[in-house]
Amino acid sequence: MSLAKITDELRGRVGAHSPLAAIIKFDFGEDGVVRIDGKVSPTVVDNEDSEADCTVKVSMDNFVQIAQGDLNPQMAFMTGKLRVEGDMSLAMQLGSILG
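Conventions adopted
Residues numbered from 1 in each chain as written. Predicted model: local features only at pLDDT ≥ 70, side-chain atom pairs only at ≥ 80, totals over all residues. Heavy atoms only, no water. Buried < 20%, exposed > 50% of the residue type's maximum accessible area, 1.4 Å probe, protein only. Helix = DSSP H or I, 4+ residues; strand = E, 2+ residues; numbered from the N terminus. Pairing = 2+ DSSP bridges. Polar contact = N/O pair within 3.5 Å; in protein donor to acceptor, adjacent residues only side chain to side chain. Contact = heavy atoms within 4.5 Å. Phe/Tyr/Trp six-rings, centres within 6.5 Å; stacked < 30°, edge-to-face > 60°.

### Overview of the pairing of strand β1 (residues 23-27)
With respect to burial, β1 is a largely interior element, five of its five residues being buried. With burial as the criterion, each face of β1 is covered, one bearing Ile 23, Lys 25 and Asp 27 and the other bearing Ile 24 and Phe 26. In terms of strand pairing, β1 meets strand β2 (residues 33-37) through five bridges, oriented antiparallel. Its bridge partner lying in β2, Ile 24 is registered against Ile 36. Examined bridge by bridge, β1 and strand β4 (residues 54-58) share four bridges and lie parallel to one another. Pairing of Phe 26 across the sheet is with Val 56, part of β4.

Right under this line is the structure:
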């Protein structure tokens, strides 16, 4: 899945009003980033690599597996496939976005 496709998919899932009033960034390393800015209305979902309240570092492949329900996010975290920087409590709430 491409970065543009993931960005569009997240934009659709988040909608105009993010359930999280924070800036969340998914960092896919060399594949780029997706940033969700829930502090503004309407919510902005883009590929800007800027400061975030919570950054989730994960490979694009593992992210897709998590979003599709094929990889448990807690297991991915415990096995080092997913790393969180910043506010861990925000990362725990991402289920509302990833479904």
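### Structural notes on unusual backbone geometry
Between Ser 41 and the following residue, Pro 42, the backbone shows a cis peptide bond with an omega angle of 0°. With respect to the element layout, Pro 42 can be found in the loop between β2 and β3 (44-46).

### Thoughts on the side chain of Asp 37
Mapped onto the fold, Asp 37 is located in strand β2. A polar contact is formed between the side chain of Asp 37 and the backbone nitrogen of Lys 39, at a distance of 2.9 Å. Apart from the residues lying within four places of it in its own chain, the contact partners of Asp 37 are Ala 22, Ile 23, Thr 43 and Val 44.

### A short note on the packing of aromatic side chains
Centre-to-centre distance and the angle between the planes together describe a pair of aromatic rings. Here the structure, examined in full by the defined rule, presents two aromatic pairs. Between Phe 28 and Phe 63, the ring centres sit 5.2 Å apart and the planes meet at 70°, which makes this aromatic pair edge-to-face. Here Phe 28 is found in the loop between β1 and β2, whereas its partner Phe 63 is found in helix α2 (residues 60-67), with 35 residues between them in sequence. Considered together, Phe 28 and Phe 63 belong to a single accessibility category, that of buried residues. Among the aromatic residues, those joined into a ring-pair cluster are Phe 26, Phe 28 and Phe 63.

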